[in-house]
Amino acid sequence: MTRALLALAVFAALAAVPVFADTALLTLVARAMIFALAAVSLGFILGQGGLVSFGHAATMGIGAYAVGILMEEGVRDALVAFPVAMAAAGLFALVTGAISLRTRGVYFIMITLAFGQMAFFVTQSLSAYGGDDGLTLAARSTVAGARWLKDPKTFHYVVLGLLALTVLVCAMLARSPFGRVLAAGRDNERRLRALGVDPYAYRLVAYVIAGGFAGLAGALYANLTEFVSPAYLSWHRSAEFIVMVVAGGPLSALGPVLGALGVVLLEDGLAHLTEHWRIIFGPLLVLLVLARGGLKTLLGGRRDG
Amino acid sequence: MTLTLFLVQMLNGLQLGILLFLVAAGLTLVFGVMDVINLAHGVQYMLGAYLMVTATALTGSFWLGLPLALAAALVLGLLLERLVIRQLYGRDHLDQVLATFGIILFVSEAVRMVWGSAPLAIPMPEALSGSVRLMDGLNYPVYRLVLIGAGLGVAGLLYVLVTRTRAGMLLRAGATNAPMVSALGVDINALFARIFAFGAMLAAFAGAMAGPILSVEPGMGDNLLILAFVVIVIGGIGSMRGAFVGALLVGLIDTLGRSFLTDILKLVLSASAASAAGPALASMSVYVLMAAILFFRPRGLFPAPA
C-alpha cells in the first residue's frame, strides 16, 4: 500500500514538472525519465530473473538507430518508427539472448557485455549513417503526421505516459504466473527443474521483452537529442543502467525509476560542480556498493511477494 | 594477398594475442583464485602505459623506466586491493562489477587530470627501433618481435611459477578451496593481496610494452578489457592455459579479419558491398567466434574444475 502511494507521489511530482520548469530542466527530466524507462526494463530481468545483463545499452542504442535510420530513409512517423525500434531491439535480444542464456552467472555478464560491444562496433562501421561521428536527425518524429513531439511539454507527458505504462506492465508481469516462474528460476533453479519446468524459454521471453522496452527508450532518446551515435551503445552506459537499478533496489518496478532519477540528477549536479565529476561519482559508487546491505532493505521489498 | 603480407599479419596477430594474454592472465588469475570479477583490470593496463610515460621521461631511458613503472603499478595494485577489493571477497558478482566500475570512473578521470586527454607517446628504445629481415622481402620491426618474445617468456615463467613453486601450489590450492588453505595456517589475505597486485603488474607490463607502438590515451584500456573478457570466456574462466590459447586465437582472428576479410568478400560480393560489410564483419569476428565456441562448450575450451 505504501509502495503504491510512493509510486503515485513520484509520478504526480513528475507530472507537475512542466508547470515550473524551463526548457533546460525539462530536457534534463525527460532524459532522466527515458533512462528510467530503460532501467525499469533492465530491473525486470535483473531483479525478477536474476539475469545481470551487461549489454542493455546496446538494445537501447539499436532502438535509437532504428529511428535515426528510418528518418534518414524518409520514414518520420513515430507510429511506424517506434514499433520498428522495439522490434529491432527485441530481435537483437532474441538472437543474443538465445546464446547468452545458455550460460549463467559471471559468464552471462561477460557474454552480454561482448554482444553489446559487437553492436557498438557495428554502429561505428555504419558509414552510410554517420559511422563514428553519429547521425543528426532532421527533426523529431511526427505522430500520425502531427509534430507533437516538438513541444517540450507534450514530449514530457508522452515520455511520462510511456514510463508509467512500462512500470505498470513490468509490475503486472512480475505478479503473473510468468513472473513467478522467473523468480523461482532465480531463487532455486534446481527445484524448478524438478517440477518439470525448464526456465530457459521463460528467461528468453523476459529478455526479449526487456530488450523491446529498452528499444522504446532508445527511440525516445533519439527524439530527445535529435541525434544518435555509437556512444549510446557503449558498455559504460550499460554499467550505468545497472547502477541505476541497484541504487534504486532491483526488487520493485519503482526502484529503478528512483535509481535512474537519482543517478541522472546526481551526475548533472556533479557536472555543474566540475568537469571532472567522475572523480567524485566513482568513489560514491564504490561506497554505495560497500554499504549496499542497508540500502537494499531500505528500498527493497520483494517484487514477487 | 601475398604470402609476405600474410606472414606479417600473422606476426601482428601473434603480437596482439600476446598483449591480450598478459591482460587476460591477470584477469583470470584474480577471478579463478579470488572469485572477484575485476572490471578495473583494463585501467590497470592503461595505468601501466601512463606510468611508463612518466618513468621514461624521468629517467630518460626505456630500460630504467620499465622496472620503475612496474614497481609503481605493483604498489598501486596493493593499495587498491587494501582499499576496495578486499571488501569484495565473497560478495555478489554484481557488487564486484559495480564497485570496480566505480574504480574505472575514478582512475580514468584521475589519469585525465594528471596527464591530460590528448594521446601521448612513449619513445621507442634506440636499440630496438630498427627492423629485421626475416626472409626475402619480409622486414619486421625488432620491437614487435621483442614484445612477442617477452610475452612468451612471461607465459613460460607463469607456467613454471604456477606448476612448480610453492607459491603456485598455494595459489592452485587457494583456487580450489580457500577456506581449507586458510585453515592450514596460510595467511590467505596476504596471498590474495599478492596475487591481485601481481595481476595488476602483468596488465601494467602489457600497457608499458604496448606504449611505444600504440598511442597512450585514457580510453585505451576499455577495448582491451572487453577483448580480454572474450579471451577468458573462450578459454574458460580461471584457466591459464585457456587464457593463452584464447588470446592467440582472438589476436590472430581479429588481425587477420581486419586485413583480409574485405578482400575475401570481394570474391563473392561486389566491390562496394564488400568494402561496406568487410570492416563491420571483421570487428564482429571475435564475438562470432565466441558465440560459436560457447554454443558447443558453454564453459569455454578449457573449463576450470568447479
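Before any of the text, the structure's been laid out above.
Keep in mind the model is a prediction, meaning the values are calculated, not measured. (Residues numbered from 1 in each chain as written. Chains lettered and ligands numbered in written order. Predicted model: local features only at pLDDT ≥ 70, side-chain atom pairs only at ≥ 80, totals over all residues. Heavy atoms only, no water.)

**Things to note about the interface of chain A and chain B**
Every contact between the two is made by 38 residues of chain A and, on the other side, 44 residues of chain B. In total, chain A and chain B occlude about 3,900 Å² of area from one another, counting both sides; carbon and sulfur atoms represent 79% of this. Area buried by chain A at its contact with chain B is led by Y107(A), M110(A) and W235(A), which between them contribute 17% of it. Our enumeration of links across chain A and chain B arrives at one salt bridge. As a salt-bridge pair, E109(B) and R278(A) come within 3.5 Å of each other at their nearest N and O atoms. Our count for the contact surface shared by chain A and chain B stands at five residue pairs in polar contact (both at pLDDT 80 or more). Secondary structure elements with two or more residues in the side of chain A that touches chain B: α5 (105-124), α10 (235-248) and α12 (278-290) of chain A. Residues of the side of chain A that touches chain B, tallied by class, amount to 27 nonpolar, six polar and five charged. (Contact = heavy atoms within 4.5 Å. Buried area = accessible area lost by both parts, 1.4 Å probe. Salt bridge = Lys/Arg side-chain N within 4 Å of Asp/Glu carboxyl O. Polar contact = N/O pair within 3.5 Å; in protein donor to acceptor, adjacent residues only side chain to side chain. Helix = DSSP H or I, 4+ residues; strand = E, 2+ residues; numbered from the N terminus. Nonpolar A, V, L, I, M, F, W, Y, C, P; charged D, E, K, R; others polar.)

**Here we look at helix α7 (residues 177-187) of chain A**
What α7(A) keeps buried is the set F178(A), G179(A), V181(A), L182(A), A183(A) and G185(A). Buried residues along α7(A) sit in contact with α2 (23-48), α6 (152-175), α8 (189-194) and α9 (199-225) of chain A. (Buried < 20%, exposed > 50% of the residue type's maximum accessible area, 1.4 Å probe, protein only.)

**Points about the packing of helix α1 (residues 3-34) of chain B against helix α8 (residues 188-210) of chain B**
Residues and elements named next belong to chain B. Running from N to C, α1 and α8 point in directions that differ by 165°, and their axes come no closer than 8 Å. One finds that α1 runs roughly antiparallel with respect to α8. In terms of crossing hand, the pair formed by α1 and α8 is left-handed. Together, L19, L22, V23, A25, G26, L29, V30, V33 and M34 of α1 and F192, I195, F196, F198, G199, L202, A203, F205, A206 and A210 of α8 make up the contact between the two elements. For the contact of α1 with α8, the residue count by class is 17 nonpolar, two polar and no charged. (Axes fitted to C-alpha atoms, helices over the stretch in contact; angles between N-to-C directions. Parallel < 35°, antiparallel > 145°, perpendicular 65-115°, else oblique. Left-handed = near helix turned anticlockwise from the far one by under 90°.)

**A closer look at the environment of F260(B)**
Within the secondary structure layout, F260(B) lies in helix α10 (residues 240-268). Here F260(B) falls in the buried class, since its relative accessible area comes to 5%.

**Notes on the pairing of strand β1 (residues 131-135) of chain B**
Residue and element names in this part refer to chain B. Where β1 lies against strand β2 (residues 138-141), four bridges are found, and the strand directions are antiparallel. Paired with V132 across the bridge in β2 is Y140. Joining the antiparallel neighbours β1 and β2 is a turn of two residues, in which G137 adopts a positive phi near 75°. (Pairing = 2+ DSSP bridges.)

**So, the packing of aromatic side chains**
Residues and elements named next belong to chain A. In total, this model carries 16 aromatic pairs over all chains according to the counting rule given. Feature note: the residues F35, Y221, Y232 and F241 constitute an aromatic cluster, connected by ring pairs. A cation over an aromatic ring shows up here: R140 above the ring of F155, its NZ or CZ 4.5 Å from the ring centre. (Phe/Tyr/Trp six-rings, centres within 6.5 Å; stacked < 30°, edge-to-face > 60°. Lys NZ or Arg CZ within 6 Å of the ring centre and 35° of its normal.)

**Digging into the side chain of T103(A)**
Here T103(A) lies in the loop between α4 (78-100) and α5. For T103(A), a relative accessible area of 3% corresponds to the buried category. Engagement of the side chain of T103(A) in a polar contact is seen with the backbone oxygen of S100(A), the distance being 2.6 Å. In this structure T103(A) touches F108(A), I111(A) and P298(B), once residues within four positions along its chain are discounted.

Fair warning: the whole summary comes from geometry, so function is off the table for now.
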